[in-house]
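Close look at the chain arrangement
As a plain string of letters, each chain reads:
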Amino acid sequence: MPHAGPRVSICIPHWQVPDYATICLRSIRKHSRRYNVEVIVVDNGSRDGSLEYLRSLDWIRLIERPDETRDNWPKNFFTALDCGVHAATGEFFMSMHTDVFVKRDDWLEPFLREISRSERVAASGAWKLTLESPLYAWQKRIVGYATYRLKRALGGRRRHIFWQQGHYPRDYCAMYRRRVLLDRRITFDAVNGWIGGGHSVAMQIFAAGYEMGMFPVAEMAQRVAHVTHGTAAVTPWRPLNHARAQRKAERSVSRLFQEPWVRNLRDDHSLDRAA
């Protein structure tokens, strides 16, 4: 039966995280049957068994960049997304990290709802992927506002407080109008002093006069699971500079991998096969 709705191209940059790639891709396959999606994986020079696994999947489009190395991170992550934008065929382009796992069959609904409100809405998503305590959220908003006021006092570049508070779709799991990205030559790379990834894209979209379709973090948390710094927890070279952050990421990943629904995805090899 043909899929209904607009085509969505999901792009996932990858480098040597087979445990994540397996569960991430299987979760998309399991929970996207109602949608018209294509999945693009851009591999940044993996030299382990994960690349062979990706090559075995007939239902994804694999783009290999064998000359990339970890020394070019994070730039090669941003350029991998740019590569996906040009290779995609969908009306909408979705950026996604390997440490994001889909939990529900209706996971794309909030993205499509918000981005379809108007042709002027060029991106949709949540400003975070996981819930946090109200006290911690309040503290971050206070610190963010204080930082903004200090930068203004010191003569820093003027930006809308909306962006200073970080309310833009995070590239961990965000949807964009692909034609806007192409026509406006918008890049995920760091430009104009902006942080690369979702922040850079959001600022370029905002500067071009388009809007963001934001939805509550709770809606995101109900539909996908994400571990902050999750990739760092399974990388042998332990990239987090702060030991406490490294240990926290490793504990979070360990707990997530013990969840029954994650274990089921890990064990369901049928999701690797073409329909």
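Here, every reference points to the structure presented above.
A short tour of the structure in this document, coming up. Every residue gets a number counted from 1 within its own chain, in the order that chain's sequence is written. Totals for whole chains, interfaces and linings use all residues, but because this is a predicted model, local features are given only for residues with pLDDT of at least 70 and pairs of side-chain atoms are given and counted only at 80 or more. Side-chain figures throughout are based on the complete set of non-hydrogen atoms in the structure, without hydrogens or water.

1. Details of the pattern of salt bridges
The term salt bridge refers to a pairing of a side-chain nitrogen on Lys or Arg with a carboxyl oxygen on Asp or Glu at a separation within 4 Å. Counted according to the given criterion, the structure contains 15 salt bridges. Note that Arg7 and Glu38 form a salt bridge whose closest N and O atoms lie 3.5 Å from each other. Remark: Glu38 occurs in strand E2 (residues 36-43) and Arg7 occurs in strand E1 (residues 7-14); sequence separation between them is 31 residues. Residue Arg7 is classed as partly exposed on the basis of its relative accessible area of 28%. Throughout this description, buried means an accessible area under 20% of the type-specific maximum (1.4 Å probe, protein chains only), exposed means over 50%, and partly exposed covers the range between. Classification of Glu38 by relative accessible area gives buried; the value is 6%. A salt bridge links Arg113 to Glu114; the nearest nitrogen and oxygen atoms lie 2.9 Å apart. Glu114 sits in the buried class, given a relative accessible area of 11%. Helical segments are the DSSP runs of H or I of at least four residues, strand segments are the runs of E of at least two, and each set is numbered from the N terminus.

2. Here we look at the pairing of E1
Burial runs high along E1: seven of the eight residues are buried. By definition, the crossover connecting two strands over a helix is right-handed if that path, from the first strand to the second, turns clockwise as seen with the strands pointing away from the viewer. The β-α-β motif built from E1, the intervening helix H1 (residues 18-31) and the parallel element E2 has right-handed crossover chirality. Paired strands, in this sense, are two strands between which DSSP finds at least two bridges. The sheet contact formed by E1 and strand E4 (residues 92-96) spans four bridges and is parallel. If you follow Val8 over to E4, its bridge partner there is Phe92.

3. Things to note about the nonpolar core
Among buried residues, those of type Ala, Val, Leu, Ile, Met, Phe, Trp, Tyr and Cys that are joined through side-chain atoms within 4.5 Å constitute a nonpolar core. Ranked by internal contacts, the top residues of the largest apolar core, which has 44 residues, are Leu25, Met94, Met96, Trp107, Cys173 and Met175. Counting residues per element, this core draws most heavily on H1, at five residues. Leave out the neighbours within four places in its chain, and Cys173 touches Met94, Ser95, Val100, Trp107, Phe111, Leu129, Met220 and Val224. In this structure, Phe78, Phe93, Ile205 and Tyr210 belong to the second largest nonpolar core, which totals 24 residues. Whether two residues are in contact is decided by their heavy atoms: any pair within 4.5 Å suffices.

4. As for the packing of aromatic side chains
In this scheme Phe, Tyr and Trp rings, the latter by its six-membered ring, pair at centre separations within 6.5 Å, and the angle between planes marks the pair as stacked below 30 degrees, edge-to-face above 60, and tilted otherwise. Under the counting rule described, the total for this entry stands at seven aromatic pairs. An angle of 90 degrees between the planes, with centres 5.5 Å apart, marks the rings of Tyr176 and Phe188 as edge-to-face. Here Tyr176, found in strand E7 (residues 173-177), pairs with Phe188, found in the loop between helix H7 (178-183) and helix H8 (198-207); they are twelve residues apart in sequence, far enough to count as distant. By relative accessible area, Tyr176 is classed as buried at 1%. Classification of Phe188 by relative accessible area gives buried; the value is 1%. Members of the aromatic cluster, each reached through a chain of ring pairs, are Tyr20, Phe101 and Phe257.

5. A few points about the sheet that holds E7
The mixed open sheet is built from seven strands, whose spatial order is E3-E2-E1-E4-E7-E6-E8. Each of the sheet's edge strands pairs with one partner strand only, and the pair in question is strand E3 (61-64) and strand E8 (211-214). Within the sheet, the average angular offset between the axes of one strand and its neighbour, ignoring direction, is 20 degrees. Bridge analysis of E1 against E2 gives eight bridges, and the strand direction is parallel. Following the sheet pairing, Cys11 is matched in E2 by Ile40. Of the strands in this sheet, E1, E2 and E4 are in contact with H1, which crosses E1 at around 170 degrees. Relative to the sheet, helix H3 (residues 75-87) contacts E1, E2, E3 and E4, its axis offset from that of E1 by approximately 150 degrees. In this analysis, axes come from line fits to C-alpha atoms, helices being fitted only over the stretch in contact, and the angle between any two N-to-C directions falls in the range 0 to 180 degrees.

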